[in-house]
Each structure stands twice: as structure tokens, then as C-alpha cells.
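These are the residues of each chain, in order.
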Amino acid sequence: MIDINFIRKNPAEFDNSMKSRGINPISNKIIKIDEEKRNTQTILQNILAEKNALSKEIGLGKSSNKNVDRQIDKVEKLNTEILSLKELEKIKNDELIAILNRIPNIPSKNVPIGNNENDNIEYKQFGDKPNFNFSPKKHFEIGENLNMMNFDLSSKLSGSRFVVLKGILSKLERAIATFMLDKHTIQNGYTEISVPFLVKDSTLYGTGQLPKFSEDLFTAGDNHWLIPTAEVPLTNLVREQTLLENELPMRFTSHTPCFRSEAGAAGKDTRGMLRQHQFTKVELVSITTPDQSEKELERMLSSAESILKDLEIHYRIVTLCTGDMGFAAQKTYDIEVWLPGENAYREISSCSNCSDFQSRRMNTKIKKNGKNIF
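Residues numbered from 1 in each chain as written. Predicted model: local features only at pLDDT ≥ 70, side-chain atom pairs only at ≥ 80, totals over all residues. Heavy atoms only, no water.

Caption draft 1: Inspection of the overall build of the protein at higher detail. The helix and strand tally for the protein stands at eleven helices and 15 strands. Relative to its length of 374 residues, the protein is extended, with a C-alpha radius of gyration of 27 Å against a globular reference of 21 Å. Judged by the C-alpha coordinates and their principal axes, the protein covers about 105 × 45 × 40 Å. Out of the 374 residues belonging to the protein, those deemed buried represent 40%. The contacts of the protein with a sequence gap of at least 6 include a subset with a gap of at least 24, amounting to 70%. (Helix = DSSP H or I, 4+ residues; strand = E, 2+ residues; numbered from the N terminus. Rg over C-alpha atoms; globule rule 2.2 N^0.38 Å. Buried < 20%, exposed > 50% of the residue type's maximum accessible area, 1.4 Å probe, protein only. Contact = heavy atoms within 4.5 Å.)

Caption draft 2: Expanded view of the sheet that holds strand E8 (residues 242–244). The strand order E8-E14-E15 describes an open sheet built from three strands, whose pairing is mixed. In the strand order of this sheet, the two ends are held by E8 and strand E15 (371–372), each with one partner. Relative to E15, strand E14 (residues 365–368) is paired through two bridges, and the arrangement is antiparallel. Counted as the bridge partner of Lys368 is Lys371 from E15. (Pairing = 2+ DSSP bridges.)

Caption draft 3: Structural context of the sheet that holds strand E13 (residues 344–353). Pairing in this open sheet of four strands is antiparallel, and the strands run E1-E11-E12-E13 from one edge to the other. Edge positions in the sheet fall to strand E1 (121–126) and E13, since each has one partner strand and no second. Taken over all neighbouring pairs, the strand axes of this sheet differ in orientation by 25 degrees on average, direction set aside. Here helix H10 (residues 293–310) sits on the sheet in contact with E1, strand E11 (315–319), strand E12 (331–339) and E13, set at roughly 10 degrees to E12. (Axes fitted to C-alpha atoms, helices over the stretch in contact; angles between N-to-C directions.)

Caption draft 4: Inspection of the layout of surface pockets at higher detail. Of the voids in this model, the second largest pocket is the one considered here, and its volume is about 280 Å³. Residue lining of the second largest pocket: 20 residues in total, with Met1, Ile2, Asp3, Ile4 and Arg360 positioned closest to the centre. Looking at the lining of the second largest pocket, the elements with two or more residues in it are helix H1 (4–9), helix H3 (27–63), helix H4 (69–100) and helix H11 (357–362). Residues of the lining of the second largest pocket, tallied by class, amount to seven nonpolar, six polar and seven charged. (1 Å grid on protein atoms, 1.4 Å probe; cavity = no way out; pocket = protein on both sides within 12 Å on 5 of 7 lines; lining within 4 Å. Points joined across faces, edges and corners; volume = space filled by probe spheres on them. Nonpolar A, V, L, I, M, F, W, Y, C, P; charged D, E, K, R; others polar.)

Caption draft 5: Seen up close, the side chain of Ser303. Assignment of secondary structure puts Ser303 in helix H10. Excluding residues that lie within four positions of it along the chain, Ser303 makes contacts with His184, Asn188, Tyr190 and Leu284.

Caption draft 6: Quick peek at the pairing of E14. Note: E8 against E14, three bridges, orientation parallel. What sits directly across from Leu243, in E14, is Ile366. Counted between consecutive antiparallel strands, the loop separating E14 from E15 contains two residues, among which Asn369 sits at a positive phi close to 55 degrees.

See the structure below:
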């Protein structure tokens, strides 16, 4: 969630940043509702102070056997006003939160302006594209020819966008995950965490999936959802906590299944293990101070790169433009590997700096020398 103080002080800058993300100017509406809420709070505080003064007057009057009927009538009228003002304050606060909940993060100043993936900018590459003296097959052709990747069977079991892996391919998936976890925990300084695969509404709200992107998720009923990524439970490990600066950074990693409805993917990537409803992923999450977040993003990127370098896979890194970034991101790097069978790059990893956007939604604070620095 964006700091309302920033919007108050920088309405033009805020509107320009939202425009770069495809959102029409909205600062005037936000500031108007915020002012109405704060004016209501001011009036309410004044009336409460008046009520307190009258209550003391009534107490003194009764102890002196004075007639305080007028003061009592006034307090009763004030009580009615107080109830009305509290209701109005709640209405305005709910209006404000409802708008802020659906506004994406403000892009970093060094993020390219653009509308979609065509406006992303290449950051760097590793290795060279492999050359073959034959026409490379696509991954699903290889898997199906080996009888180790079965989409027809998974369709019978679960419908489209699932896969059944068999034998060496199943073992390979498990081995790669173990390799990644060992690399990140032994060499890259992350702590492995085993997390729940079901989370509550408030957990998804904290990382920005709810309320805006419920259609991208699978509900499990009873206020529970299947996780779309381990980022959700890992980040929420610090929700509603006040962290000490010397405890940071915290670096977590986890291997989990991920579940996504792919609501907007109709007709896209209908063959193979792309845009699956269920897949496994090794996630990295860092919790750090605001002034160290850019540096931590570069460190995380290097950790993700180290996996592909060890595997000697050609890849490139692109900086996502404002129109292609995720809702909670301030800046995002996508790592794209070269798939010879498709003659194209495909995203294999995404590293984002969310600044203080998620911490505000989770009510997470940082304290230094006894004072909150966020």
C-alpha cells in the first residue's frame, strides 16, 4: 500500500507514476476523501474534548449538589453527534482504503516507461545461444517421445494445464529443486523454511494478491486459498511485527508447489509445461531496510543467476517497464532462458523490489535505536 503522506505531498508525481502504469489521475479523489476523513476526526476530537469537560463539570456539580440537568442534556446530544461522526469517519476510511488497496506500487525512477513486454529493456546476458546442426525439438515433444511427460493422462485426472512426469524427468525435477535449495542455503546465505500451502485472506492481502487478483487464485473454502507462490507465506513471516534493524536482512528460501488459475491465459501456451495450474518452484525472499532494498535486489538477482550459471544455461536479464511490472513491485528483473525448440526466450525467474508496499499492508515496522524508522 502506498503511503498516503506521499500522495498528499506529491500529487502530481503520484499521478504521473500511476499514468505510467496505465491508471488515470486519481490523486484529487484520494486527497478529497482523506481531507474529509481528517476533518471528521478533528471535529470528533473537539466534541470528545467538550464532552470530557462537561463530564467533569457534571461530576463537580453533583458533588456540590448543583443542578446539572443542562450539562447532562448537552452530553446526551454530544453522544449522538459522536456516534454519527464515528460512523462517518469509518465510511471515509473504508472508501480511502478501498482505493489504496487497488493501486499498484510506485515505480522506481530507474524503471523504463512502457506499456507491455515489448518495452522492457535488456540488462545483460550470460553465455551464447547454442547452435545445432539439426532442428531442436520442443520440450514437450522430447518428454512425450520418451514416454516421461503425459498431458493426456493429466487431463483425465485434473483437466487442462497439468502434467504427469515419470521416471527420470520426475527425478530430475526433484534433483534440481534440491540442488537449488542447497546452493541458496549453503552458498547464498538463505535460510530454508517449510511453509503451509494454504493461507488466509489476510496473508494474501499482505503481499498484494487480494483483493484485486482473486480471479488468479484457487480458493480452498473456509477463508483459505492455495498459494500462488511461496513468496506469500515467506513474506508474511514478519507480518504485524516490529523488527530491529540489526536483525536484518532476513533471507528465506522455500520449495513448494504453486497454484494459479491462469485466468488471463486463455488460448496462450496451450502445449507443454507453460502456464500450468500447478508447478513447483524454489522461492527467495529478503526482508531488509528501505535504504538497503535496491542493493538487496541486486544480490538476490545474483543468487538466482548463480543457478543458471552452474547449469551453463544461456539466459538474458531484462528490466521490466512500468506497464509490465507486477502489482506490488517497484522494480523487477526477469531472467529469461533461451529455449532452442521455440527459438525464443522464456521467463524462468523474476526478482522484484517491493519497497515498503507490502510491509504497510502487513503492518510490519523496523526500529533503530528505540525509534521506528519505518
